[in-house]
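Understanding the architecture of this molecule
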Amino acid sequence: QKEVEQNSGPLSVPEGAIASLNCTYSDRGSQSFFWYRQYSGKSPELIMSIYSNGDKEDGRFTAQLNKASQYVSLLIRDSQPSDSATYLCAVIGGTYKYIFGTGTRLKVLA
Amino acid sequence: EPEVTQTPSHQVTQMGQEVILRCVPISNHLYFYWYRQILGQKVEFLVSFYNNEISEKSEIFDDQFSVERPDGSNFTLKIRSTKLEDSAMYFCASKDGGSTNYGYTFGSGTRLTVV
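1. A few points about the pairing of strand S3 (residues 19-25) of chain A
Each regular strand shows side chains that alternate between the opposite faces of the sheet. All names here are of chain A. Residues Ala19, Leu21, Cys23 and Tyr25 line the buried face of S3, whereas the alternating positions Ser20, Asn22 and Thr24 sit on a face that is not buried. The sheet contact formed by strand S1 (residues 4-5) and S3 spans 2 bridges and is antiparallel. Bridge assignment links glutamate 5 to a residue of S3, and that residue is threonine 24. Sheet analysis places S3 next to strand S8 (residues 71-76), joined by 6 bridges and oriented antiparallel. By the bridge assignment, cysteine 23 is partnered in S8 with valine 72.

2. Some details on the interface of chain A and chain B
Of the residues lining the interface, 22 residues belong to chain A; the matching set on chain B comes to 23 residues. Here chain A meets chain B over a buried area of about 1800 Å², counting both sides, of which 56% is carbon and sulfur. Three residues stand out in chain A for area buried against chain B, namely Tyr96, Lys97 and Phe100 of chain A, and they jointly supply 34% of the buried area on that side. Remark: the boundary between chain A and chain B carries 1 salt bridge. Notably, a salt bridge pairs lysine 97 of chain A with glutamate 56 of chain B, separated by 2.9 Å at the nearest N-O pair. Between the two partners, chain A and chain B, sit 6 residue pairs in polar contact (both at pLDDT 80 or more). Put simply, the parts of the chain that give the side of chain A that touches chain B at least two residues each are strand S4 (33-38), strand S9 (85-92) and strand S10 (98-100) of chain A. Class assignment for the residues of the side of chain A that touches chain B results in 11 nonpolar, 8 polar and 3 charged.

3. Brief notes about the sheet that holds strand S8 (residues 75-79) of chain B
Residue and element names in this part refer to chain B. Strand order in the open sheet formed by 4 strands is S1-S3-S8-S7, and the pairing between neighbours is antiparallel. Among the strands making up the open sheet, the edge pair consists of strand S1 (5-7) and strand S7 (65-68). Strand-to-strand, the axes of this sheet are offset by a mean angle of 15°, without reference to chain direction.

4. Examining the state of the cysteines
Evaluation of the coordinates by the stated rule reveals 2 disulfides over all chains. In this model, cysteine 23 of chain A is linked to cysteine 89 of chain A through a disulfide, with the two sulfur atoms separated by 2.1 Å. With the S-S bond torsion at -70°, the cross-link from cysteine 23 of chain A to cysteine 89 of chain A turns out left-handed. Linking cysteine 23 of chain A in strand S3 with cysteine 89 of chain A in strand S9, this pair joins segments that are 66 residues apart in sequence. For cysteine 23 of chain A, a relative accessible area of 1% translates into the label buried. Across the disulfide from cysteine 23 of chain B sits cysteine 92 of chain B; the S-S distance is 1.9 Å. The S-S bond linking cysteine 23 of chain B to cysteine 92 of chain B shows a torsion near -65°; that makes this disulfide left-handed. Separated by 69 residues along the polypeptide, cysteine 23 of chain B in strand S3 (residues 19-24) and cysteine 92 of chain B in strand S9 (residues 88-95) bring together distant segments of the chain.

Calculation criteria
Residues numbered from 1 in each chain as written. Chains lettered and ligands numbered in written order. Predicted model: local features only at pLDDT ≥ 70, side-chain atom pairs only at ≥ 80, totals over all residues. Heavy atoms only, no water. Buried < 20%, exposed > 50% of the residue type's maximum accessible area, 1.4 Å probe, protein only. Helix = DSSP H or I, 4+ residues; strand = E, 2+ residues; numbered from the N terminus. Pairing = 2+ DSSP bridges. Contact = heavy atoms within 4.5 Å. Buried area = accessible area lost by both parts, 1.4 Å probe. Salt bridge = Lys/Arg side-chain N within 4 Å of Asp/Glu carboxyl O. Polar contact = N/O pair within 3.5 Å; in protein donor to acceptor, adjacent residues only side chain to side chain. Nonpolar A, V, L, I, M, F, W, Y, C, P; charged D, E, K, R; others polar. Axes fitted to C-alpha atoms, helices over the stretch in contact; angles between N-to-C directions. Disulfide = S-S within 2.5 Å.

The values are spatial; any link to function lies outside them.
Have a look at this one:
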């Protein structure tokens, strides 16, 4: 069974700090990795995708991938209260279906 | 920006009744999906649909579930005889290209409550 693991949190950070969210996956053959943000009662919203080892930056967000360690992370710089949400890690598991982690709830304290 | 549209936003139904959840994917997308999220739990894959047929389905997607793309624009999920445990948010999603390097666009979801 292919699994994606995330710490459910909550992860609390002060406004302006860096939030670090982590995800591990079990299928070594996974190729594509995604971070989604989900506000309570809303649908997932794509933040970033990453496919190659290393870092990928987009504005305040940086995704990091280490395939050898089967580890994906998301860094949010200059965290804002509006970043408070659940962050879902998703891995492509075959025929383009996602396998989602349970999500990490982030609280940014003003 | 193109959107995936889902209706209704909230549906309440009695146990044993049939429900149809509707989705209008983004017009040039080719791959369509249904996911569900029981309150407080992870988003779970139900079914994927491509070229007018199911390409993959999960263990959740049993004989009580079916999908259809009846007219080239709508994409529906039918649950024939609802159970209490079918209560969840149901998300439709679509994707354009054939590469795994593209994320989905999710609809806003239908909250199904079975009483």
